[in-house]
Amino acid sequence: MKIVIIGGTGLIGSKTVERLRRLGHEVIAASPNTGVNTITGEGLTEALEGTDVVIDLANSPSFEDKAVMDFFETSGRTLLAAEKIAGVKHHIALSVVGTERLQESGYFRAKLAQETLIKASGMPYTIVHSTQFMEFLSGIAQSGTVGDSVHLSPAFVQPIASDDVADAMTDVALAAPVNGTIEIAGPERSRLSDLVARYLKATGDARTVVPDTEARYFGARLEDGSLVSDNGPRLGKITFEQWFPTSARK
Ligand SMILES: NC(=O)c1ccc[n+]([C@@H]2O[C@H](COP(=O)([O-])OP(=O)(O)OC[C@H]3O[C@@H](n4cnc5c(N)ncnc54)[C@H](OP(=O)(O)O)[C@@H]3O)[C@@H](O)[C@H]2O)c1
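Residues numbered from 1 in each chain as written. Predicted model: local features only at pLDDT ≥ 70, side-chain atom pairs only at ≥ 80, totals over all residues. Heavy atoms only, no water.

The next subject is the overall build of the chain. A tally of regular secondary structure across the chain gives eight helices and 14 strands. The C-alpha radius of gyration of the chain comes to 18 Å, within 12% of the 18 Å expected for a compact globule of 250 residues. By principal-axis analysis of the C-alpha atoms, the chain measures approximately 50 × 35 × 35 Å. Every one of the 250 residues in the chain was classed for burial, and the buried ones make up 51%. As presented, the chain carries roughly 11,000 Å² of accessible surface, and 53% of it is formed by carbon and sulfur atoms. (Helix = DSSP H or I, 4+ residues; strand = E, 2+ residues; numbered from the N terminus. Rg over C-alpha atoms; globule rule 2.2 N^0.38 Å. Buried < 20%, exposed > 50% of the residue type's maximum accessible area, 1.4 Å probe, protein only. Areas by Shrake-Rupley, 256 points an atom, 1.4 Å probe, with all protein chains shown as cover.)

Take a nonpolar patch on the surface next. On the surface, Met1, Leu23 and Leu174 cluster together to form a nonpolar patch covering roughly 280 Å² of accessible area. Mapped onto the fold, methionine 1 is located in the segment before β1 (2-6). Among the residues examined, methionine 1 registers a relative accessible area of 42% and is labelled partly exposed. (Patch = residues over 30% accessible without salt bridge, like charges linked within 9 Å, V, L, I, M, F, W, Y side chains within 5 Å. Salt bridge = Lys/Arg side-chain N within 4 Å of Asp/Glu carboxyl O.)

What follows concerns the site of the ligand. By nearness alone, 27 residues border the ligand, and Thr9, Leu11, Ser31, Tyr107 and Lys111 come closest of all. At 2.6 Å, a side-chain N or O of tyrosine 107 approaches an oxygen atom of the ligand. Compared with its free state, where it exposes 940 Å², the ligand has 84% of that area covered by protein. Of all the elements in the fold, those that place two or more residues in the shell around the ligand are α1 (11-22), β4 (90-96) and α4 (106-120). No other element matches the three residues that β4 contributes to the shell around the ligand. Of the residues in the shell around the ligand, the class split is 14 nonpolar, 12 polar and one charged. (Near = heavy atom within 4 Å. Polar contact = N/O pair within 3.5 Å; in protein donor to acceptor, adjacent residues only side chain to side chain. Nonpolar A, V, L, I, M, F, W, Y, C, P; charged D, E, K, R; others polar.)

Moving on, we come to the packing of aromatic side chains. Evaluated as defined, the whole model comprises 13 aromatic pairs. Look at phenylalanine 240 and phenylalanine 244: their rings are 5.7 Å apart centre to centre, the planes differ by 40 degrees, and that puts the pair in the tilted class. Residue phenylalanine 240 and its partner phenylalanine 244 are both found in helix α8 (residues 240-247); the two are separated by four residues, about one turn of the helix. Take phenylalanine 240 and phenylalanine 244: they sit in the same class, and that class is buried. Feature note: the residues Phe63, Phe71, Phe72, Tyr107, Phe108, Phe136, Tyr217 and Phe218 constitute an aromatic cluster, connected by ring pairs. The ring of phenylalanine 156 carries arginine 191 above its face, with NZ or CZ at 4.2 Å from the centroid. (Phe/Tyr/Trp six-rings, centres within 6.5 Å; stacked < 30°, edge-to-face > 60°. Lys NZ or Arg CZ within 6 Å of the ring centre and 35° of its normal.)

Turning our attention to the pairing of strand β7 (residues 149-152). As paired strands, strand β6 (residues 145-146) and β7 are joined by two bridges and run antiparallel to one another. Across the sheet, residue threonine 145 finds its bridge partner in β7, namely valine 150. If you look at the hairpin formed by β6 and β7, you'll find two residues sitting between the two strands, and glycine 147 has a positive phi there, around 60 degrees. By the bridge criterion, four bridges tie β7 to strand β11 (residues 208-211) in an arrangement that is parallel. Its bridge partner being in β11, serine 149 is matched across the sheet by threonine 208. (Pairing = 2+ DSSP bridges.)

Honestly, that's just the spatial picture; any functional story needs more than this.
So this is what it looks like as structure tokens:
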């Protein structure tokens with residue numbers, strides 16, 4: 001099969017490219033760095049020629065409200081239009097568990113806009129909702145940092161290692177479109193403030209985590225269940241304990 005991975009140079013993209021190539025598929029890692037840009041349309045027609053499946057794993061370079069909305073709307077429209085012309089048979093995108101519950105956040109409004117464009121496009125599709133990547137814990141800590149302390153909600157999280165996400169994206173690429181959303185999560189549930197405190201301690205980071213139910217998660221107030229899936233998600237195998245020694249960005 002010919003598979004184009006938009007954002008194929010990113011964290012999940014590069015691991016998914018590797019897995020599908022190992023299985024013998026023709027895979028294009030498409031991104032601005034490889035000459036394919038879903039904002040300008042550069043290189044898209046050539047990359048999509050004869051393509052069966054497109055996996056969209058791009059992310060916005062900026063998380064600022066307007067910039068991120070412009071990114072996912074423009075990228076989504078440009079990509080879906082080009083796929084229709086090329087006769088692509090399955091469009092796959094990676095979004096976030098709870099996106100519909102996090103609409104106080106500009107980032108999650110943009111992810112919902114991306115999902116809405118896909119559902120309205122008429123393309124056969126699968127949307128994968130993932131919980132937070134373990135690799136994103138450092139970014140979450142950064143987002144809540146004020147001076148020497150990190151203000152974070154004690155809401156539940158169930159983070160998943162990027163290797164488990166890439167395994168799931170690989171399986172979805174080789175399966176038929178579900179024309180709906182499937183959810184994936186890590187094997188263990190904990191409280192966000194506790195997990196980040198554990199992560200910072202393990203990396204020798206002196207910042208102190210302050211649990212705060214009013215602390216915003218990229219602009220959104222969290223309830224206990226906002227970031228976790230109760231829809232029977234596919235579970236990854238890698239625990240935080242297994243992931244940390246080999247993969248944490250210290
Ligand atoms: N972080 C989380 O916890 C989490 C949880 C669930 C879902 N997600 C979703 O997972 C997806 C992938 O995230 P990630 O962390 O793997 O991303 P990432 O490592 O930040 O990589 C982003 C990719 O997007 C590409 N890109 C940027 N602008 C582009 C453009 N104009 N045209 C085409 N490609 C472009 C980049 O290409 P260059 O290398 O060429 O710049 C890069 O390959 C995102 O959609 C995100 O919303 C994230």
